[in-house]
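# Residue-level structure breakdown
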There are 2 protein chains.
Amino acid sequence: MCKLSSVRDQRQQPPTRRARLRAETTREIKAIALDHAAAGGPDAISLRAIARDMGMTAGAIYSYFPTRDDLVTTLINEVYEALTEAVSAALAPVPPEDAARRILVWGEAFRAWALANPAGFKLIYGDAVSGYRAPEGGAAPEPEHRACTIVTGLVAAAWPEAAPTQSGRTYEWSDFGAALVAAVRREYPELPPAGVALALRMWGRTHGLVSLEVYGHLGAMVHDPAPVYRAELLDMIRSIGLTPPE
Amino acid sequence: MCKLSSVRDQRQQPPTRRARLRAETTREIKAIALDHAAAGGPDAISLRAIARDMGMTAGAIYSYFPTRDDLVTTLINEVYEALTEAVSAALAPVPPEDAARRILVWGEAFRAWALANPAGFKLIYGDAVSGYRAPEGGAAPEPEHRACTIVTGLVAAAWPEAAPTQSGRTYEWSDFGAALVAAVRREYPELPPAGVALALRMWGRTHGLVSLEVYGHLGAMVHDPAPVYRAELLDMIRSIGLTPPE
DNA sequence: TGCGTTTTCTACACGGCGTTCAGATTTCAT
DNA sequence: ATGAAATCTGAACGCCGTGTAGAAAACGCA
């Protein structure tokens, strides 16, 4: 029996030697797992292979993660967080007023990250790990909400122009998930439910082409998907009442 | 050593008893594999499990498929074909002149099939099977081209109205894959390269929301993705210069 | 300092997987 | 009827995740 919550409180200024080693080993496990995923796809994440690379036995990893699926869940969360951070970083230098350019930069940053980290993309949005079953509530609810909130922020900034274009159908707050609604109403109080629907559509719209490209379905069709994707982004910006940059 | 091309010519009116048995067994292997995929996800496709269900040994399947990946490739092709046939069937009763309604029906048929066959969708568009490596040229080039041609046909029918909306960027035939270009120029000679780019964008646009929904990323955000998806389809129809039905 | 507890790790076992191979059996063409 | 080809079994190999028992190491406290 191993108490996996050994690092219970970190009130101690000098964390015990054990805690330091444990943190380091945990970090190494995750790093090697991500290396394997990057090299041979997310399915290459195997406890035995990781342990082999670390000079350990497979069983030893169970001192750090109760099961392989927990390791995968942790990885999904970290990778998803890396994605949202990459997008946020790309968005940071763009002034909040320039809603159109922010959408463009967001879309391009998302695609750039996905193409640079295909294994991570598949880990987040696909089913690539053999028998992996995500915990209830999804594998990475927090990063997913954060990602969704970023898109919603883009819509909120553009809402004065976008609102007239979204008169087709009416939405209620009750149409959406409680956690998302709470975050949106807190961060963007002026945004109506229709704005959330638009954000989800924009998320899906970018996800589609990027997903097709990452999984190799676009390569046989078009030699360079970049202009097609760029055209889609510009069209999306135009379709919500903004004038695209350039 | 087994000659896997035993059914070389079917000029014989009465196919030999062997050939009949072989065809039946092949059919059964694929059917059981698809059952397993539908039940436990595409990753549940295992030669041992299939053989167990058939009262055989795993090795026996190697008389019908040289390797597991070949079986998977065959399944992907058949499932992809089923998808294009489902979409074509839904499209059949809609008159060719009603370009807007055809796009709407196409989009809804695609989503309906994906939701009814999530395992098939993941098989086609995802990475779900453990160590599967697709053959060069993709796992299912023919059905993929057919699917792509269907979308292009929708664009071709709408091109008189759509053309003015697609003036942003110019495309050349050389931007696209040779096989796709050949099929398009043969079937829709009046369609310029920009029409193919628009078709790819429409493909991606629908793929995005459907993919997010199938993989469960939309469920936590919106209780019923149908209206969001419908709004996206209507917006897409509008964005190419058509007036949406209803 | 030394002792008892906790954590970490090894060694082994179990059942699952794809794949290969020798050999038995069945079917077919001649 | 005979020889060739196709089909299938059963055992093996090495991979996998997951447990369990027990050894070894590090720790906290007296």
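Quick note: structure is the one above.
Let me sum up the structure you'll find in this document. (Residues numbered from 1 in each chain as written. Chains lettered and ligands numbered in written order. Predicted model: local features only at pLDDT ≥ 70, side-chain atom pairs only at ≥ 80, totals over all residues. Heavy atoms only, no water.)

### Considering the pattern of salt bridges
The criterion, for reference: Within this document, salt bridges are pairs made up of a side-chain nitrogen of Lys or Arg and a carboxyl oxygen of Asp or Glu, the two lying within 4 Å of each other. Strands are runs of DSSP state E lasting at least 2 residues, helices are runs of H or I lasting at least 4, and numbering of each runs from the N terminus. Per-residue accessibility, obtained with a 1.4 Å probe over protein chains only, is compared with the maximum for each type, and a residue is labelled buried under 20%, exposed over 50%, and partly exposed between these values.
Throughout the structure, instances matching the rule amount to 26 salt bridges over all chains. One salt bridge in this structure joins A:Glu108 and A:Arg230, with 2.8 Å as the shortest N-O distance. Placement of A:Glu108 in helix α4 (residues 99-116) and of A:Arg230 in helix α9 (residues 225-239) is noted, with a sequence separation of 122 residues between them. Across the pair B:Asp69 and B:Arg68 runs a salt bridge, and its minimum N-O distance is 3.2 Å. Among the residues examined, B:Arg68 registers a relative accessible area of 18% and is labelled buried. Linked through salt bridges whose partners overlap, the residues forming this network are A:Arg201, B:Arg205, B:Glu232, B:Asp235 and B:Arg238.

### A short note on the interface of chain A and chain B
Put simply, the test is: Working rule for contacts: check all heavy atoms of both residues, and any pair within 4.5 Å makes them a contact. Each of two parts loses accessible area, computed with a 1.4 Å probe, when they are put together; buried area is these two losses added. Polar contact is the term for a pair of N or O atoms within 3.5 Å; when the atoms are in protein, one must be able to donate a hydrogen and the other to accept it, and sequence-neighboring residues count only if both atoms are side-chain atoms.
Between chain A and chain B, the contact holds 46 residues from the first and 46 residues from the second. When chain A packs against chain B, the two sides together hide about 4000 Å² of surface, and 58% of this comes from carbon and sulfur. Our enumeration of links across chain A and chain B arrives at six salt bridges. Measuring nitrogen to oxygen at the nearest pair gives 2.6 Å for the salt bridge that ties A:Glu232 to B:Arg201. Inspection of the chain A/chain B interface yields 16 residue pairs in polar contact (both at pLDDT 80 or more). At the level of secondary structure, the elements contributing two or more residues to the side of chain A that touches chain B comprise α5 (118-125), α6 (141-162), α8 (193-214) and α9 of chain A. Counting residues per element, the side of chain A that touches chain B draws most heavily on α8(A), which supplies eleven residues.

### Things to note about the relation of the copies chain A and chain B
Put simply, the rule reads: Each copy is superposed on the other by least squares, with the fit set by C-alpha atoms of residues at a pLDDT of at least 70 in both.
Between the two copies, chain A and chain B, the superposition gives an RMSD of 0.1 Å; the rotation angle is 180 degrees and the shift along the axis is 0.0 Å. The two molecules are tied by a two-fold rotation axis, judged by turn and shift. Across chain A, the smallest distance between a C-alpha and the rotation axis is recorded for A:Gly208, namely 1.6 Å. Most of the interface of chain A is mirrored in chain B, where 100% of its interface residues are also at the interface.

### Concerning the protein's contact with DNA strand D
Note the cut-off: Any residue with a non-hydrogen atom lying within 4 Å of a molecule or strand is treated as near it. For this scheme, ten residues count as nonpolar: Ala, Val, Leu, Ile, Met, Phe, Trp, Tyr, Cys and Pro. Four count as charged, namely Asp, Glu, Lys and Arg, and the remainder, Gly too, count as polar.
Around DNA strand D sit 26 residues in total, of which A:Arg17, A:Arg48, A:Arg52, B:Arg22 and B:Thr57 are the nearest. Within 4 Å of the protein, atoms of DNA strand D come from sugar and phosphate in 69% of cases. Note that a phosphate oxygen of DNA strand D is positioned 3.2 Å from one of the side-chain N or O atoms of A:Ser46. Note that a phosphate oxygen of DNA strand D is positioned 2.7 Å from one of the backbone N or O atoms of A:Leu47. Among the elements that take part in the surface near DNA strand D, helix α2 (residues 47-54) of chain A stands out by supplying four residues, more than any other. The residue makeup of the surface near DNA strand D, split by class, is ten nonpolar, seven polar and nine charged.

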